[in-house]
Amino acid sequence: MKKFLITAVAAAMTFTAGSVSAEDLRIGVEGAYPPFSSIDTNGNVVGFDIDIANALCEEMKANCTMVVQDWDGIIPALNAKKYHAIIASMSITEERKKKVDFSEKYYNSPARFLRKKGSGIEITAEGMKGKSVGVQRGTIHDVFLTAEFPETEIKRYGTQDEAYLDVAAGRVDLLIADSIAMDDGFVKTPAGKDFELFGPSYNDPKYFGVGAGIAVRKADTELRDRFSAAIKAIRANGVYKAINDKYFDTDIY
């Protein structure tokens, strides 16, 4: 697969992503949400989202570069034309559709809670009362937790990695996030060996939307449709499966 250049921050700051060019696209990514995106020891952004982005760009015959952006500002930066699209495990929700447009989904996975093994915490009104729960700020999981578990003490974090550090240190009782992200990005790592996912899977579209899609500015309907067509193409030609199997044991589509 063609390897795409990850641009330096300085280059990102000097570029203005104005009109969309079929040959030159900039993609907003988070870089702090393993295994979907993270920064490796060489300073490169890697992960499932990044491989999917590169595969879609190759299918579209576009020259793409990745621009790392903090989650809190990822939609404002898109609308400010810092890049042309977001590929960052962003769920397609009605609230977000007020600000941006979305391609078809490229994966869908439920939310779950995480606890320390042996803690005995249960997801009941009594079991959750007074418990501290960590969640990444501004996510669908934050919205869900706030609405459905008001009896908990909510601690919000800028990145999922920060939430992992606090639960490992015992500063919060529970986490809630994407089940695949927590399983592969934390539970299966040495730091997460004493923790487990538990309770039901949550996927109510009211909170969690209909899967993760590629966000574009509302005016960029042609680009949206090109991404949707490219998703279908890599699903059909085996490229998606190869990327999926690199990271996961099951098809997360």
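The structure we're discussing is the one just above.
Parameters and conventions
- Residues numbered from 1 in each chain as written.
- Predicted model: local features only at pLDDT ≥ 70, side-chain atom pairs only at ≥ 80, totals over all residues.
- Heavy atoms only, no water.
- Helix = DSSP H or I, 4+ residues; strand = E, 2+ residues; numbered from the N terminus.
- Rg over C-alpha atoms; globule rule 2.2 N^0.38 Å.
- Buried < 20%, exposed > 50% of the residue type's maximum accessible area, 1.4 Å probe, protein only.
- Contact = heavy atoms within 4.5 Å.
- Areas by Shrake-Rupley, 256 points an atom, 1.4 Å probe, with all protein chains shown as cover.
- Axes fitted to C-alpha atoms, helices over the stretch in contact; angles between N-to-C directions.
- Parallel < 35°, antiparallel > 145°, perpendicular 65-115°, else oblique.
- Left-handed = near helix turned anticlockwise from the far one by under 90°.
- Nonpolar A, V, L, I, M, F, W, Y, C, P; charged D, E, K, R; others polar.
- Core = buried A, V, L, I, M, F, W, Y, C linked by side-chain atoms within 4.5 Å.

J.: Which residues make up the overall build of the chain, and what values do they have?
T.: What the chain contains, in helices and strands, is 10 helices and 13 strands. Against the 2.2 N^0.38 benchmark of 18 Å for 253 residues, the chain shows a C-alpha radius of gyration of 18 Å, consistent with a compact globule. The C-alpha extent of the chain, read off along each of the three principal axes, is 55 × 35 × 35 Å. Scored against the burial criterion, the 253 residues of the chain give a buried share of 51%. Long-range pairs, those at least 24 residues apart, make up 70% of the contacts in the chain between residues at least 6 apart in sequence. Within the structure as shown, the chain displays about 11,600 Å² of accessible surface, and the carbon and sulfur contribution to it stands at 51%.

J.: Report on the packing of helix α2 (residues 48-59) against helix α10 (residues 239-247), specifying residues and quantitative values.
T.: Running from N to C, α2 and α10 point in directions that differ by 165 degrees, and their axes come no closer than 10 Å. Overall, the two elements α2 and α10 adopt an arrangement that is roughly antiparallel. Pair α2 / α10 crosses with right-handed handedness. Of the residues in α10, those touching α2 at F48, D51, I52 and A55 are V239, Y240, I243, N244, K246 and Y247. Each residue belonging to the contact of α2 with α10 can be placed in one class, and the counts come to seven nonpolar, one polar and two charged.

J.: Provide a residue-level description of the nonpolar core, including the pertinent values.
T.: Of all hydrophobic cores here, the largest spans 36 residues; its most connected members are I27, F36, F48, L56, Y106 and F227. Contact partners of Y106, with chain neighbours within four places excluded, come to F48, D49, I52, I87, A88, S89, A212, G213, I214, I231, Y240 and Y253.

J.: Pulling in residues and values, what's your account of the packing of helix α6 (residues 160-168) against helix α7 (residues 179-187)?
T.: Where α6 meets α7, the closest approach of the two axes is 11 Å, and the angle between their N-to-C directions is 60 degrees. Taken together, the axes of α6 and α7 are oblique relative to one another. In the crossing of α6 with α7, the sense of the turn from one axis to the other is right-handed. From α6, Q160, Y164, V167 and A168 reach across to α7, where they touch A181, M182, G185 and F186.

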